Amino acid sequence: MTDYAHNLGLTAGWYGNNCICQDHCSTDECYQEDVNALVNFGFDSVKLDGCGAQLDLQKWSDLIDATGKSILIENCHWGLDVPTETWCPWNYFRTSGDIRASYEAVLTNLMTTIPYSKGLSRPGCWGYPDMLEVGCDHGPGGEDDPGLSFVEARTHFGAWCVVSSPLILSHDTNDDAITDSIWSIITNTEAIEVNQAWAGDSGGLFASSPTKIRLSPTPVQKKVQQQKLAERNLGTEVGEWQQWSKKLSDNTAAVLVMNNSEKTLTITINFSSIPTFSSTTFTDSSFSLRDIWNHEDVGVVSDSYTVTLESHDSAFFKITSVVTNEAH
């Protein structure tokens, strides 16, 4: 199987310690045998879930490193085992419980990235709020998996891009109709460039409506996630609109504006509130806007820009300062 994947130019990963086929043995010998199997079968990555007995991520990392083979490690412990500034024995880690194909689930999981946006999610140690639900309908959650509309799926994709989450597609790739319906979303190179950029900032929330809407987490999310949200004082409420940003360079930022409400909203981006442009250096700047969704230049504006969005839609911009008179 792994040879077949490699012959196609693909990599192959193994799903271990999972909830369907749990690992019950946690001795050093069991860890070592599993690592040996990863190497012998030629796997390039391993996803380590939190259901079985082999929960020691440091041990996994040490044993894999000792083989000399480069194997990507995914920490899928639902946000329960997270990095510090100096410790991260994996390549990317879940910030959340399991996601479902609903807009509420997308928002609930997205909010769990906030505590990691100031340096803990970083190259070689990326935080992610679970896989993408773009193109997924009627999953294992039953009524909790109603699926996403096109604009909801696009907002979902943009949100994962702006917080530097690994973009893990989970739709049925054998169904050409599904792939065709989301192709313009998942192949948007400008959005992917935002996701892949690194200028010291993994992206985070910087503005939110004072009017809140209450989320209803799925049973899967309630199991682990509500406790974690409560600990971080994030709650299960979000602004009816939100603005997220990611620094792309010293004078460029990506900004995603989300309408989380059930009605059409008019929302203003104030450029001075964007973290990249908050210093006095940009006091007298104008700003050029690039529309990432529509692949077009909006023009040069000053101070602010206003968008009108339908329910659960978003606007995604690449914003660059044009300094006309730098403050001193």
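This text follows the structure it describes.
Residues numbered from 1 in each chain as written. Predicted model: local features only at pLDDT ≥ 70, side-chain atom pairs only at ≥ 80, totals over all residues. Heavy atoms only, no water.

Undergrad: Is there a simple way to explain helix α4 (residues 103-111) in this structure?
TA: Each α-helix winds once per 3.6 residues, and so residues spaced three or four apart point in a common direction. The element α4 is largely enclosed, with a buried count of 8 among its 9 residues. Listed as buried for α4 are Tyr 103, Ala 105, Val 106, Leu 107, Thr 108, Asn 109, Leu 110 and Met 111. (Buried < 20%, exposed > 50% of the residue type's maximum accessible area, 1.4 Å probe, protein only. Helix = DSSP H or I, 4+ residues; strand = E, 2+ residues; numbered from the N terminus.)

Undergrad: Any chance you could explain the nonpolar core here in plain terms?
TA: Within soluble globular proteins, side chains that are nonpolar tend to cluster in buried spots. Grouped together as the largest cluster of nonpolar side chains are 33 residues, with contacts concentrated most on Phe 157, Met 258 and Phe 316. When residues of this core are traced back to their parent elements, those giving at least two are α4, α5 (150-162), α6 (176-186), α7 (189-196), β9 (241-249) and β10 (252-259). Not counting residues up to four positions away in its chain, the partners in contact with Met 258 are Tyr 103, Leu 107, Leu 110, Thr 155, Ala 159, Glu 240, Trp 241, Gln 242, Trp 244, Ile 267, Asp 313 and Ser 314. (Core = buried A, V, L, I, M, F, W, Y, C linked by side-chain atoms within 4.5 Å. Contact = heavy atoms within 4.5 Å.)

Undergrad: Can you help me understand the state of the cysteines in this one?
TA: Two cysteines whose sulfur atoms are joined by a covalent bond form what is called a disulfide. The full count for this structure, using the stated rule, is 3 disulfides. Each disulfide pairs two cysteine sulfurs, and for Cys 19 the partner residue is Cys 51, the sulfurs being separated by 1.6 Å. Here the S-S torsion is close to 55 degrees, and the disulfide linking Cys 19 with Cys 51 is therefore right-handed. Of this pair, Cys 19 sits in the loop between β1 (13-16) and α2 (28-40) while Cys 51 is found in the loop between β2 (45-49) and α3 (57-67), placing the two residues 32 residues apart along the sequence. A disulfide bridge connects Cys 88 with Cys 125, and the sulfur atoms are separated by 2.1 Å. (Disulfide = S-S within 2.5 Å.)

Undergrad: In this structure, what is going on with α6? I would like to understand it.
TA: Within α6, burial applies to Thr 179, Ile 182, Ile 185 and Ile 186. One side of α6 holds all its buried residues, which, seen down the axis, span an arc of 100 degrees. Opposite the packed face of α6, turned more than 90 degrees from it, sit the exposed residues Asp 176, Ala 177 and Asp 180. Sitting at the head of α6, Asp 175 places a side-chain oxygen 3.0 Å from the backbone nitrogen of Ala 177. (Arc of directions from axis to C-beta. Polar contact = N/O pair within 3.5 Å; in protein donor to acceptor, adjacent residues only side chain to side chain.)

Undergrad: For this particular structure, what's the right way to read the sheet that holds β9?
TA: Where strands meet in a sheet, backbone hydrogen bonds hold them as pairs that are either parallel or antiparallel. Taking strand neighbours across the sheet as the criterion, the 6 strands line up as β6-β9-β10-β15-β12-β13 in an open arrangement whose pairing is antiparallel. The open sheet terminates on both sides in strands that have one partner only, identified here as β6 (204-208) and β13 (296-302). Sheet twist, expressed as the mean angle between neighbouring strand axes with direction ignored, is 30 degrees. Relative to strand β15 (residues 314-323), β10 is paired through 7 bridges, and the arrangement is antiparallel. Along β15, the bridge assignment pairs Met 258 with Ser 314. (Pairing = 2+ DSSP bridges. Axes fitted to C-alpha atoms, helices over the stretch in contact; angles between N-to-C directions.)

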